[in-house]
Amino acid sequence: MPESPKPTDPAAKHLIAHGKLDVEGRLVDASNVTLYCSVELDGMCANAVYKPVNGERPLWDFPDGTLAGREVATYLLSDASGLGSIPPTVLRDGPFGVGMVQLWIETSEEELIDVRAPADVPPDWRVVLHAHDRLGDPAVLTHADHPGVRDLAILDIIANNTDRKGGHVLAGTDGRIYGVDHGICLHVEPKLRTVLWGWIGEPLPGEAVEKLRALPEKIYGSLGEELATHLTGLEIEAIADRAEALLAAGVFPEPGDDWRAIPWPLF
Ligand SMILES: Nc1ncnc2c1ncn2[C@@H]1O[C@H](COP(=O)(O)OP(=O)(O)O)[C@@H](O)[C@H]1O
Ligand SMILES: [Mg+2]
């Protein structure tokens, strides 16, 4: 029986980078070509997501680089900074040409983000938005007050994630929280669009502050060099600028007025 590496095991990245990739199916709710694959190498196996660059729908507001490259760049940023967790993600060749390949995460039943009637919101959850459901009854967009989710929210601020839907936050069976779908991140202009607005105005956790302090030096060092394969120079500088601005503010930001701050659909 082939063995499956844990997502945090360096063998997992090696496997998705060099393993034999077989397409098993297409993820139906995906807007670009997003394929579910198996990957195998030297008695190791796993599942993976494969998004060939050829299957990308061009976006007017992201003219530079590729969505696959942005997914890899966001992974590199998370990995080097320690902010948030993203499954190992690489750019490589596959059956439909070059694309991003990301380790598939087995998920638990744990709920993290939901739309609920106000009475059904657990007392320790964060409320993002009050609205009404189709029948006119009150409903709230709410998420867990979970350190892994909070850490992902901080990564999103730095990566300028413009599509953190509920379905892009996964509770792994290993107990970690993983973010996925980072094709439209890392733009130079502010575009943060997320369901994770539950901590506005609250101080950043001390651990995150340390990681943010260390980030600009990495950006202007080897991390920046790796990112240069996928991003423009201005986009790379903008990451360091966002880290410095967040440190100076010291608290979770609120949405700006110039863009839609909540993704639709929410999941
Ligand atoms: N690495 C992964 N592990 C587990 N599930 C994933 C992973 N990547 C994506 N998914 C699931 O597949 C769905 C579609 O993938 P996503 O990356 O959002 O594609 P698209 O870019 O087309 O929206 C996600 O909402 C998530 O439920
Ligand atoms: Mg998606």
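As a reminder, the structure under discussion sits directly above these lines.
Residues numbered from 1 in each chain as written. Chains lettered and ligands numbered in written order. Predicted model: local features only at pLDDT ≥ 70, side-chain atom pairs only at ≥ 80, totals over all residues. Heavy atoms only, no water.

A. Focus on helix 4 (residues 206–219). With 14 residues, helix 4 should cover 20 Å at 1.5 Å per step; its first-to-last C-alpha distance of 21 Å lies within 8% of that length. Of all the residues in helix 4, the buried ones are A208, V209, L212, L215, P216 and I219. On its buried side, helix 4 packs onto helix 2 (67–81), helix 3 (147–159), helix 5 (222–227) and helix 6 (233–249). (Helix = DSSP H or I, 4+ residues; strand = E, 2+ residues; numbered from the N terminus. Expected span 1.5 Å × (residues − 1). Buried < 20%, exposed > 50% of the residue type's maximum accessible area, 1.4 Å probe, protein only. Contact = heavy atoms within 4.5 Å.)

B. Representation of the coordination of the magnesium ion (ligand 2) in the model. Coordination of the magnesium ion (ligand 2) by the protein involves H168 (NE2) and D181 (OD), with metal-donor separations of 2.1 to 2.3 Å. Taken as a pair, H168 in the loop between helix 3 and strand 9 (169–171) and D181 in the loop between strand 10 (177–179) and helix 4 lie far apart in primary sequence, 13 residues in all. Judged by its relative accessible area of 24%, D181 falls in the partly exposed class. (Donors = N, O, S within 2.8 Å, 3.2 Å for Na, K, Ca; no water.)

C. Looking closely at the packing of aromatic side chains. Under the definition given, this model contains 2 aromatic pairs. Centroid distance Y36 to W104: 4.9 Å. Interplanar angle 80°. Geometry classified as edge-to-face. Within this pair, whereas Y36 is found in strand 2 (residues 35–41), its partner W104 is found in the loop between strand 5 (99–103) and strand 6 (113–116), the two being separated by 68 residues in sequence. Y36 gets classed as partly exposed once you look at its relative accessible area, which sits at 24%. Note on W104: relative accessible area 30%, which makes it partly exposed. Ring geometry for W199 and F252: centres 5.9 Å apart, planes at 35°, overall tilted. Note that W199 is positioned in the loop between strand 10 and helix 4 and F252 in the segment after helix 6, a separation of 53 residues in sequence. Here W199 falls in the buried class, since its relative accessible area comes to 2%. Given a relative accessible area of 5%, F252 falls into the buried group. (Phe/Tyr/Trp six-rings, centres within 6.5 Å; stacked < 30°, edge-to-face > 60°.)

D. Local environment of the nonpolar core. In terms of nonpolar packing, the biggest core is built from 53 residues, with L77, I158, L227 and I239 touching the most fellow members. Of all the elements in the fold, those that place two or more residues in this core are helix 2, strand 8 (138–143), helix 3, strand 9, helix 4, helix 5 and helix 6. Take this core: its biggest share by element is 8 residues, from helix 3. Judged by nonpolar contacts, the second largest core, of 18 residues, contains A12, A46, A48 and L103. (Core = buried A, V, L, I, M, F, W, Y, C linked by side-chain atoms within 4.5 Å.)

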